[in-house]
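Now for the letters of each chain:
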Amino acid sequence: MSLSTDWFVGGSPGEGHVLWCGSSSGRAIPDKEDLYTANLFQPPLRSSGSRPSSNPCIADQVSSCQECVLLHPSCAWCAHKTFSKYRCNLPEQLLQQGCPPNDVAAPQSVVSLLQAVPHNHWQHGWSPRGNGIDNLTQLSPQHIALTLRPGQKVRFPISVRQAEDYPVDLYYLMDLSLSMHNDLHTIRDLGPVLADQMAKLTSNFRLGFGSFVDKLVSPFINVGERYQENPCTEGRVFRNCPPTFAYNHILSLTADTEHFRQELLKQKVSANKDSPEGGFDAMLQAAVCVEQLGWRKEATHLLLMATDASSHLPLDGRIAGLLQPHDGQCHLDSENQYSATDRLDYPSLGLLGEKFSENNINLIFAITVEVADMYKVYSELIPGATVGILADDSSNIINLIVEAYSKIRSKVELEAFEQPEDISLMFTALCGDGQRQAGQRFCHNVKLGETVSFEVEVEAKGCAEHGRNRSFMIKPLGMTEALHISIRVDCGCLCLAEAQDNSSECNNAGTLECGVCRCNPSHIGPTCECPQKSALFGGRDACREAEGSPVCSGRGHCICGTCVCHTSEYGNFNGQFCECDDFSCDNFQGKICSGHGSCQCGICKCDANWTGEICNCSQNETACLTADGTVCSKRGECVCGRCICDEGSHGNTCEKCPSCSDICSAQRDCVECKLFNTGPLASGQKCEMRCSETITVVENIDSSIEQLCTYKDDDGCVMHFALFESPGGYMNITALQDKECTQGQKVLPVVLAVASTVLGLGLLALLIWKLLVSLHDRREVARFIQEQGKACWEAETNPIYKGTVSTFTNVAYASSNSKQ
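Scoring rules and cut-offs
- Residues numbered from 1 in each chain as written.
- Predicted model: local features only at pLDDT ≥ 70, side-chain atom pairs only at ≥ 80, totals over all residues.
- Heavy atoms only, no water.
- Helix = DSSP H or I, 4+ residues; strand = E, 2+ residues; numbered from the N terminus.
- Buried < 20%, exposed > 50% of the residue type's maximum accessible area, 1.4 Å probe, protein only.
- Contact = heavy atoms within 4.5 Å.
- Areas by Shrake-Rupley, 256 points an atom, 1.4 Å probe, with all protein chains shown as cover.
- Disulfide = S-S within 2.5 Å.
- Arc of directions from axis to C-beta.
- Axes fitted to C-alpha atoms, helices over the stretch in contact; angles between N-to-C directions.
- Parallel < 35°, antiparallel > 145°, perpendicular 65-115°, else oblique.
- Left-handed = near helix turned anticlockwise from the far one by under 90°.
- Pairing = 2+ DSSP bridges.
- Patch = residues over 30% accessible without salt bridge, like charges linked within 9 Å, V, L, I, M, F, W, Y side chains within 5 Å.
- Salt bridge = Lys/Arg side-chain N within 4 Å of Asp/Glu carboxyl O.
- pLDDT = per-residue confidence, 0-100.
- Phe/Tyr/Trp six-rings, centres within 6.5 Å; stacked < 30°, edge-to-face > 60°.
- Lys NZ or Arg CZ within 6 Å of the ring centre and 35° of its normal.

Student: Let's hear about the overall build of the protein chain: which residues, and what values?
Tutor: Scanning the protein chain from terminus to terminus reveals 16 helices and 43 strands. Residues counted as buried form 42% of the 820 residues belonging to the protein chain. Considering only residue pairs separated by 6 or more positions, the protein chain has 62% of its internal contacts joining residues 24 or more positions apart. As displayed, the protein chain offers around 44,500 Å² of accessible surface, 50% of which is attributable to carbon and sulfur atoms.

Written out as structure tokens, the structure is:
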């Protein structure tokens, strides 16, 4: 289905509006989700108050509409024949200077929508043939046309929604060098198991198989006769293996997993001489030999490359004398073997990436950890490539494939094909999180059935291809669908179609084009009024300010005795001899004469209430006055409309002075009169006139506030308030609602009470000490009497006397006597 709808740009010059104008096919506008919209970007227009140098359209030697259009994308040309101002200018300035709106030529970029079929819903379990997979739409729109003005950007959206249960083709490309013998044994039952796992993701899955070793030339393999049939002749582990091969396509993509398993059972490892393998040769052939491998157009293409070694890079083939770069073509012979192994060098990463993108192939590197870093670098150079770490015996190959497929399906990335060199593209991604990612052309973590959007900004860099119809494509990596973009760069003006040859406005000596005369070679001048001969050789002295000085001060042309002054990118030259200009005065803050005057012959002519050499000093003191009419809060001086504050003060009117000693005193009277209606400002209207600050009544004052104030009034009462500066720069006051008013205490009763208390405590301590001493003495006397009563011996007996006679018994004698 094709939708032919034209968009037109309308409105005043400099304003771009894209409008729907109808459909030739009668098809209704898509629903809200699929509605295609585009916003024309117009660079911001300068205001009339800008200095001349900020106007990109003011430049010398711009004499035609086409030159004006190329000068800057915001420039417009006044085609009215009586317009006397500078014709190339900003559109709003041309209108302000009296150019009729219909005569303002401001070509605009136009976006035309040609085809925008909305997304189709593809549900799990549907048959591709029975349900019309050819009509499946995952990308919208499908075709647009752009008419571009150089430098003027246009934006349009692209939305992508991946279909569920989309067919999958997986081609298993395996390194069959000696080091992969364990892996070959492990994957022999891969087909049925992998099919069961992939059935959870798609109901339409096909498998294919191919293998590789390396180029069949020295020094990559042994070329001796005894190695031709058996390259493992001198092997330590394997002594018999089939001949070395570069790449063999063994099994085309098929849904017969048993056939896949049977073919794997027939495979045997071979050998080469060096460590790197010829994987890049095999990868390229697997990508470009579409018919031989059986890649389906409406399927996700997965190429799994399994190896445990690095791959030969381009220029490695020169070691073997292979000087011809790879041509990127399919070179499979009748036996499905790579036939250019001895003629072409290894392909480059750039060529691989180009062919993978061209054939919508997603590459999966299944490699061991030893070479992981190398292949991660390769994956960054090949669009859509991913890397998975393979176990030593490939035992995790099933999980690796499923995870890699899920990772590929969860990422949507756009890529441009055949983009012209003079056309620039800028992508902005709007992923599921709703955040705009400028400069990003991909979205991660995309769920099946989820729609992601991208905004594409297109700009033409020049007019090298003016009027020529060209085209290029933008498409998601790995998908067959693409947005086709037709472009045409337009550098002309519509008013050129109304040119008048030999117009009377040009004295019948030129063509009136877009309001100006393009004179015949014989005449010159704004209206071709001056013959070329008299213009060049007569009246030039009248254009000199003094004898010997340059004609028109070197800033203009002398035409028929009158200076026609040039215009530069900074402003205009003027005067009888072009001796003056309006841009050579000093700048202040990026504006000539500070924006408060005009530059006349290098001197600033200031506006009212402004003085100084560059008109940067205001005589208006309004900005220096406080609310009570004080100039700079009496803490500074008003100079050129701004307060120059004393040290320690700041603020627009020097009202902020946290370190000033009188900051509390300055607010004391206002707090007293506003809260308590007392103090020197309480009478009359003084309080309302002098006190504009807002006072907030609180129960407790935060001690962390910048300035705490405490004052006693005439009645002896104490009032507490605090001052702090708000984020907006205003002085805020918080105060307690009530004053602290307490009666004075009598000193004598307090002194007597304190003295009595001290005396009483001293007497009490003395009595306690006396009582304890008496108790101790009584206990000692009682103990002495008790000890004295224990003495029971008689007076004549000496308890320590011992007699002089000692008696002993002879035990042995007694025993002998008894025997007798």
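Student: Account for the state of the cysteines, with residues named and values stated.
Tutor: For the structure on display, the rule yields 22 disulfides. With its sulfur 2.1 Å from that of its partner, C78 forms a disulfide with C99. What sets the handedness of the C78 and C99 disulfide is the S-S torsion sign, and at about 100° it is right-handed. In this pair, C78 is assigned in strand β4 (residues 76-78) and C99 in the loop between α2 (91-96) and β6 (104-105), connecting sequence segments 21 residues apart.

Student: Kindly report on unusual backbone geometry, identifying the contributing residues and their values.
Tutor: The amide bond that connects S140 to the next residue, P141, takes the cis arrangement and shows omega of 0°. Positionally, P141 belongs in the loop between β8 (139-140) and β9 (143-148). For N508, which is not glycine, the phi dihedral falls at a positive 55°. Looking at the secondary structure, you find N508 in the loop between β23 (483-489) and β24 (510-513). N508 sits in the exposed class, given a relative accessible area of 52%. The residue C601 is not glycine, and still its phi comes out positive at about 55°. One can find C601 in the loop between β34 (597-600) and β35 (603-606). Using a relative accessible area of 44% as the deciding quantity, one classes C601 as partly exposed.

Student: Provide a residue-level description of helix α6 (residues 257-266), including the pertinent values.
Tutor: Of all the positions in α6, only F260, E263 and L264 are classed as buried. Seen from one end, α6 has its buried residues packed into an arc of 100°, which puts them on one side. Looking at the buried side of α6, the elements it contacts are β11 (168-175), α3 (181-186), α4 (190-198), β12 (205-212) and β13 (247-254).

Student: An account of the packing of helix α7 (residues 279-288) against helix α9 (residues 349-358) is requested, with residue identities and associated values reported.
Tutor: Close contact between α7 and α9 brings their axes to 9 Å; oriented N to C, the two are set at 20°. Comparing the axis directions of α7 and α9 gives the class roughly parallel. For the element pair α7 and α9, the recorded crossing hand is left-handed. The residues of α9 that touch α7, namely those facing F280, M283, L284, A287 and V288, are L349, L351, L352, K355 and F356.

Student: Account for the sheet that holds strand β15 (residues 361-367), with residues named and values stated.
Tutor: The mixed open sheet is built from six strands, whose spatial order is β13-β12-β11-β14-β15-β16. Of all strands in the sheet, those with a lone pairing partner are β13 and β16 (386-389), marking the two edges. Across this sheet, the average inter-strand angle for adjacent strands is 20°, counted without regard to direction. In this structure, β12 lies alongside β13, joined through five bridges in antiparallel fashion. Residue pairing across strands places F212 opposite Y247, the latter belonging to β13.

Student: An account of a nonpolar patch on the surface is requested, with residue identities and associated values reported.
Tutor: On the surface, a cluster of nonpolar side chains totalling about 480 Å² of accessible area is made up of L764, I768, L771, L772 and L775. Considering the arrangement of structural elements, one finds L771 in helix α15 (residues 747-788). By relative accessible area, which is 53% here, L771 ends up exposed.

Student: Requested: an account of the pattern of salt bridges, with residues and values cited.
Tutor: Summed over the entire model, instances satisfying the criterion amount to 17 salt bridges. Among the ionic pairs, E457 bridges to K153, the shortest N-O distance being 3.8 Å. Remark: K153 occurs in the loop between β9 and β10 (154-161) and E457 occurs in strand β21 (residues 451-460); sequence separation between them is 304 residues. A relative accessible area of 26% places K153 in the partly exposed class. As a salt-bridge pair, R155 and E455 come within 3.7 Å of each other at their nearest N and O atoms. Here the residue R155 occupies a position in strand β10, and E455 occupies one in strand β21, the gap between them amounting to 300 residues. Accessibility expressed as a relative area gives 24% for R155, which makes it partly exposed. With relative accessibility at 18%, the residue E455 sits in the buried group. Residues participating in the shared-partner salt-bridge network are K153, R155, R436, E455 and E457.

Student: Outline the confidence of the model for the protein chain, supporting the account with residue identities and numerical values.
Tutor: The share of residues in the protein chain with pLDDT of 70 or more is 84%, and the mean pLDDT across the chain is 81. Taken together, the stretch residues 1-53 has pLDDT below 50 and engages in 129 contacts with residues farther than four places along the chain or on a different chain. Across residues 123-131 the pLDDT falls below 50, and counting only partners more than four positions away or on other chains, this stretch makes 18 contacts in the model.

Student: Report on the sheet that holds strand β22 (residues 469-476), specifying residues and quantitative values.
Tutor: Either a parallel or an antiparallel arrangement is found when strands of a sheet pair, and the pairing is made through backbone hydrogen bonds. On the basis of which strands lie adjacent, the open sheet formed by six strands has the order β7-β9-β23-β22-β17-β20 and mixed pairing. The open sheet has two edge strands with one neighbour each: β7 (110-115) and β20 (442-443). Relative to β23, β22 is paired through six bridges, and the arrangement is antiparallel. Each bridged residue has a counterpart across the sheet, and for F472 the counterpart in β23 is I485.

Student: Which residues make up the pairing of strand β17 (residues 412-417), and what are the values?
Tutor: Of all six residues making up β17, six are buried, and the element is well covered by its neighbours. Burial along β17 is two-sided: V412, L414 and A416 facing one way and E413, E415 and F417 facing the other are all buried. Looking at chain direction, β17 and β20 are connected through two bridges and run antiparallel. From the neighbouring strand, V412 faces β20, where its bridge partner is C443.

Student: How would you explain helix α10 (residues 372-381) if you had to name every residue and give the values?
Tutor: All buried positions along α10 are accounted for by A372, Y375, Y378 and S379. Across the axial projection of α10, the buried residues extend over an arc of 120°, all falling on one side. Exposed side chains of α10 directed beyond 90 degrees from the buried face belong to D373, E380 and L381. The elements touched by buried residues of α10 are α7, β14 (300-307), α9, β15 and β16.

Student: Which residues make up the environment of D392, and what values go with them?
Tutor: Position of D392 relative to the elements: it lies in the loop between β16 and α11 (397-409). A relative accessible area of 62% places D392 in the exposed class. Remark: the alpha-carbon pair of D392 and D308, spanning 84 residues in sequence, is separated by 8.4 Å.

Student: Please provide a residue-by-residue account of the packing of aromatic side chains, values included.
Tutor: The final tally for this structure, using the stated rule, is eight aromatic pairs. On the basis of an interplanar angle of 55° and a centroid distance of 6.3 Å, the ring pair of Y171 and W295 is categorised as tilted. Of this pair, Y171 sits in strand β11 while W295 is found in the loop between α8 (290-293) and β14, placing the two residues 124 residues apart along the sequence. Judged by its relative accessible area of 0%, Y171 falls in the buried class. Take W295: its relative accessible area is 8%, and that puts it in the buried class. Ring centres 4.9 Å apart and planes at 55° place the aromatic pair F365 and Y375 in the tilted group. Here F365, found in strand β15, pairs with Y375, found in helix α10; they are ten residues apart in sequence, far enough to count as distant. Per residue, the accessibility class of F365 equals that of Y375, and both read buried. One aromatic cluster is present, formed by F280, F365, Y375 and Y378 through successive ring pairs. If you follow K215 out to its NZ or CZ, it ends over the ring of Y346, 4.8 Å from the centre. A cation sits over an aromatic face here: K739 above F676, 4.7 Å from the ring centre.

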